[in-house]
Amino acid sequence: MDMTMENCRKFVEVLASDAPAPGGGGAAALVGAIGTALGNMVGSLTVGKKKYADVQDEIIALKAKCDALQTELLNQVEADEVNFLPLAKAYGIPKDDPNRDKVMEEATIIACSTPMKIMELCCEAIEYISVFAAKGSRLAVSDAGCGAVCCKAALQAASLNVFINTKTLKNREVAEEMNAKALGMLAKYGAMADEIFNTVKAGFGV
């Protein structure tokens, strides 16, 4: 089921249940989409204002990128479910089945793919939000800060859905490669999101 087609209350209700999905990955994708949309809101409130005429073309182009990014993040909610379910089923394979390890390994790598994608998209969103925060309407700059916070949270949440799976991989070379990529994104873009938040907060004199 594509939970993004349900209302917010239904999504949260299913998230709180014992259903295997949506889980942390799907929630991260949704939060990332919300964060991206908050940045995009700043763009919407900037376009058409005489005060920001000199950056209007840049903001319009950035808004188009965010429109696509929001959709892609929302698509990851269902993608995470699709890519996690094979692993959920694999756990049910009898431990004495000679194919269990191979199936588990393949399913685990597939399960990592969506949260890794969510992380990449959140990094892209944070970059866009940094521009909205710097050049967008000052009346809505708090929304850019909120967007950065949401995208950082989504980035961190998605990373945990990578790490819980790489921990169990037998192929440690593949596991460490994914871990290194995820840790790199956390370090670079987590710091960028913090900088956006702190700059926005400082602008309010606190």
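Residues numbered from 1 in each chain as written. Predicted model: local features only at pLDDT ≥ 70, side-chain atom pairs only at ≥ 80, totals over all residues. Heavy atoms only, no water.

Enquirer: Looking at this structure, I do not really get the overall build of the protein. What am I missing?
Expert: A count of helices and strands for the protein gives six helices and zero strands. Mapped from its N terminus to its C terminus, the protein presents α and β elements in the order α-α-α-α-α-α. Classification of the 206 residues of the protein by burial places 41% in the buried group. The long-range share in the protein, meaning contacts at least 24 apart out of those at least 6 apart in sequence, stands at 76%. By element, 60% of the accessible surface of the protein is carried by carbon and sulfur atoms, the whole surface being about 10800 Å². Charge separation in the protein, taken as the distance between the mean sites of 21 positive and 26 negative side-chain charges, equals 6 Å. (Helix = DSSP H or I, 4+ residues; strand = E, 2+ residues; numbered from the N terminus. Buried < 20%, exposed > 50% of the residue type's maximum accessible area, 1.4 Å probe, protein only. Contact = heavy atoms within 4.5 Å. Areas by Shrake-Rupley, 256 points an atom, 1.4 Å probe, with all protein chains shown as cover. Lys, Arg positive; Asp, Glu negative; His and termini not counted. Charge placed at Lys NZ, Arg CZ, Asp CG, Glu CD.)

Enquirer: Hey, could you run me through the pattern of salt bridges in this one?
Expert: It is possible for side chains of opposite charge to pair when their charged atoms get near one another. This model, assessed by the stated rule, comprises seven salt bridges. Lys135 serves as the salt-bridge partner of Glu58, at 2.9 Å between the closest nitrogen and oxygen. With Glu58 in helix α3 (residues 56–90) and Lys135 in helix α4 (residues 100–135), the pair connects residues that are 77 residues apart, well separated along the chain. (Salt bridge = Lys/Arg side-chain N within 4 Å of Asp/Glu carboxyl O.)

Enquirer: Quick question: what am I supposed to make of the side chain of Arg100 here?
Expert: Within the secondary structure layout, Arg100 lies in helix α4. Asp101 provides the closest opposite charge to the buried, unpaired Arg100, separated from it by 4.9 Å. Those residues in contact with Arg100 that lie beyond four places of it in its chain are Ala90, Tyr91, Ile93, Pro94 and Lys95.

Enquirer: Honestly, unusual backbone geometry in this entry has me stumped. Any pointers?
Expert: For residues other than glycine, phi is negative in most cases, and the peptide bonds are mostly trans. For the peptide bond that leads from Ala21 to Pro22, omega is 0°, which places it in the cis range. Among the secondary structure elements, Pro22 is positioned in the loop between α1 (8–15) and α2 (24–44).

Enquirer: Any chance you could explain the nonpolar core here in plain terms?
Expert: What tends to happen in soluble globular proteins is that the nonpolar side chains get buried as a cluster. Counting residues in hydrophobic clusters, the biggest one holds 42 residues, and the most contacted among them are Leu73, Ile118, Met119, Ile126, Leu155 and Ile196. When residues of this core are traced back to their parent elements, those giving at least two are α1, α2, α3, α4, α5 (141–166) and α6 (172–202). Broken down by element, the residue count for this core peaks at twelve residues, all from α4. Setting aside chain neighbours within four positions, we find Leu73 in contact with Ala29, Gly32, Ala33, Thr36, Ile118, Leu121 and Cys122. Ranked by size, the runner-up nonpolar core spans six residues in total, among them Ile93, Met104, Ala107 and Ala111. (Core = buried A, V, L, I, M, F, W, Y, C linked by side-chain atoms within 4.5 Å.)

Enquirer: Is there a simple way to think about the packing of α4 against α5 in this case?
Expert: Two numbers describe a pair of packed helices, the interaxial angle and the distance between the axes. One can describe the packing of α4 onto α5 by two numbers: an axis separation of 8 Å at closest approach and a directional angle of 160°. Looking at the two axes, α4 sits roughly antiparallel to α5. In this structure, the crossing between α4 and α5 has a hand that is left-handed. Split by residue class, the contact of α4 with α5 holds 20 nonpolar, six polar and one charged. (Axes fitted to C-alpha atoms, helices over the stretch in contact; angles between N-to-C directions. Parallel < 35°, antiparallel > 145°, perpendicular 65-115°, else oblique. Left-handed = near helix turned anticlockwise from the far one by under 90°. Nonpolar A, V, L, I, M, F, W, Y, C, P; charged D, E, K, R; others polar.)

Enquirer: What is the right way to read the side chain of Ser159 from this model?
Expert: Here Ser159 is to be found in helix α5. Not counting chain neighbours up to four residues away, the residues in contact with Ser159 comprise Met119 and Leu186.

Enquirer: Mind showing me how you'd approach the state of the cysteines here?
Expert: Disulfides are covalent bonds that link the sulfur atoms of two cysteine residues. Using the criterion set out here, one finds zero disulfides in the structure. You can see Cys66 has no disulfide; the closest cysteine sulfur is in Cys151, sitting 8.7 Å from it. Its relative accessible area of 1% is what places Cys66 among the buried residues. The thiol sulfur of Cys150 is not disulfide-bonded, and the nearest other cysteine sulfur, from Cys146, lies at 6.7 Å. (Disulfide = S-S within 2.5 Å.)

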